[in-house]
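# Examination of the molecular architecture
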Amino acid sequence: MDKSSDTLYETSLKRPEDSLDVVHLTHLTTLESIYHLRLGFASLASKPHTSKLFFWLMWLVTFWSLIITWIYGHTFVVEANNFEKIKWQSWVVPRYNIQYMLHWPREAINSMIGRAILDAEMRGVKGEEFNRNGELYIRRYPKLKLNLVDGSSLVVAVVLNSIPKGTTQVLLKGNLTKVAYAIANTLCERDIKVATLYKDEYEKLKLKLTNKSTSNLILSTSYAQKTWLVGDGCTEDEQLNASKGTFFIPFSQFPPKKMRKDCFYHSTPAMITPKSFSNIHSCENWLSRRVMSAWRIAGILHGLEEWNVHECGDKMFDIQEIWQASLRHGFRPLTMPA
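Residues numbered from 1 in each chain as written. Predicted model: local features only at pLDDT ≥ 70, side-chain atom pairs only at ≥ 80, totals over all residues. Heavy atoms only, no water.

Moving on, we get to the nonpolar core. Leu 154, Ile 183, Leu 187 and Leu 229 are the most contacted members of the largest nonpolar core, which totals 50 residues. With eight residues, helix α9 (residues 178–189) is the largest single contributor of residues to this core. In contact with Leu 229, not counting residues within four places along its chain, are Val 159, Ile 163, Val 170, Leu 171, Leu 172, Lys 173, Ile 183, Leu 187, Ile 249 and Phe 251. Core analysis: the second largest hydrophobic core is formed by 19 residues, Trp 91, Val 93, Ile 109 and Leu 118 among them. (Core = buried A, V, L, I, M, F, W, Y, C linked by side-chain atoms within 4.5 Å. Buried < 20%, exposed > 50% of the residue type's maximum accessible area, 1.4 Å probe, protein only. Helix = DSSP H or I, 4+ residues; strand = E, 2+ residues; numbered from the N terminus. Contact = heavy atoms within 4.5 Å.)

This is the structure we're talking about:
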């Protein structure tokens, strides 16, 4: 930890600023995503994110936005809301998804996120929701009073409740993440068969399951399952092997490319916000207006319920409890599009 961060942390213990309860910490995704911020074009921000031809005509502006965000080393506020008893803001880390994948800028990005966490602490934030694993920052700042929430428990709950009733078997496709393991374990415990196509994935999943549920994990030799749970890493070619009428339900933040017109694609994990949720004028990435990702909602729920726990690293909050809390506060499930 550098001296400036250390000094900021000590200051945060002494000097409160404008009070906040929850901060959602996110980052830019594709190069075009900067135009969908409320600070960009309001007309674009009010619609779901899709690639448009005129973005390519603005490549010079996009290139300079990449340079500026690379140089700019501080988070900035893009949204402020009040909901029930909490004050909530969205802060953007000025880095694109591709920059997170590079190794050499990683420490600079981690330092920027660390400063944002300490700034949130200084402003009295009780919970901070963000899209990256927060265990690093708990170790780096062991005296933190705010709680870091990655939202994984609500993501799992939303996916589980998106599976069509009567489903007896699902195919799990994509990278095995904390969320994927939790989904597989819960389904197996509910006596729903979870199939995987690759031996190495099967062995990894088996190690994470409870003893009583391993019998419901199967190594499949076909793509016959009608419900696919898909994450990053599910390829376009694999989609082409699905049978007609298959339901694709994502468990990752990025939706799969829709390769099949004869299949059904669910939204990425998200819920409809209550009507009392004010100041929602922009769309979150590719989601519709007034639809919010489960990752963001989880941080809000932790603030509303005053759950004094971290949810990051290997830690996951109770799936059923956070699902019931979301319904109790007026969030509604999305239905599968026809």
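Taking burial as the measure, the nine residues of helix α8 (residues 152–160) include nine buried ones, the bulk of the element. Among all positions of α8, only Ser 152, Ser 153, Leu 154, Val 155, Val 156, Ala 157, Val 158, Val 159 and Leu 160 are buried. On its buried face, α8 sits against α9, β9 (227–230), β10 (247–250), β12 (270–272), α12 (294–305) and α13 (319–328).

So, about the sheet that holds strand β14 (residues 332–333). Across the sheet, three strands lie side by side as β13-β12-β14; this open sheet has antiparallel pairing. The sheet is open, and its two borders are formed by β13 (291–293) and β14, each paired with just one other strand. (Pairing = 2+ DSSP bridges.)

Our next topic: the pattern of salt bridges. According to the stated counting rule, one finds seven salt bridges in the structure shown. For Lys 199, the salt bridge goes to Glu 203, with nearest N and O atoms at 3.2 Å. Of this pair, Lys 199 and Glu 203 both sit in helix α10 (residues 199–208), four residues apart, which is roughly one turn of the helix. With a closest N to O distance of 2.9 Å, Arg 260 and Asp 262 form a salt bridge. (Salt bridge = Lys/Arg side-chain N within 4 Å of Asp/Glu carboxyl O.)

The next point concerns the packing of α9 against α10. Orientation of α9 relative to α10, taken along the N-to-C sense of each, is 70°, at an axis distance of 10 Å. Between α9 and α10, the crossing angle belongs to the class labelled roughly perpendicular. For the element pair α9 and α10, the recorded crossing hand is right-handed. On α10, the residues touching Tyr 181, Ala 184 and Asn 185 of α9 are Lys 204, Leu 205 and Lys 208. Residues that form the contact of α9 with α10 fall into these classes: three nonpolar, one polar and two charged. (Axes fitted to C-alpha atoms, helices over the stretch in contact; angles between N-to-C directions. Parallel < 35°, antiparallel > 145°, perpendicular 65-115°, else oblique. Left-handed = near helix turned anticlockwise from the far one by under 90°. Nonpolar A, V, L, I, M, F, W, Y, C, P; charged D, E, K, R; others polar.)

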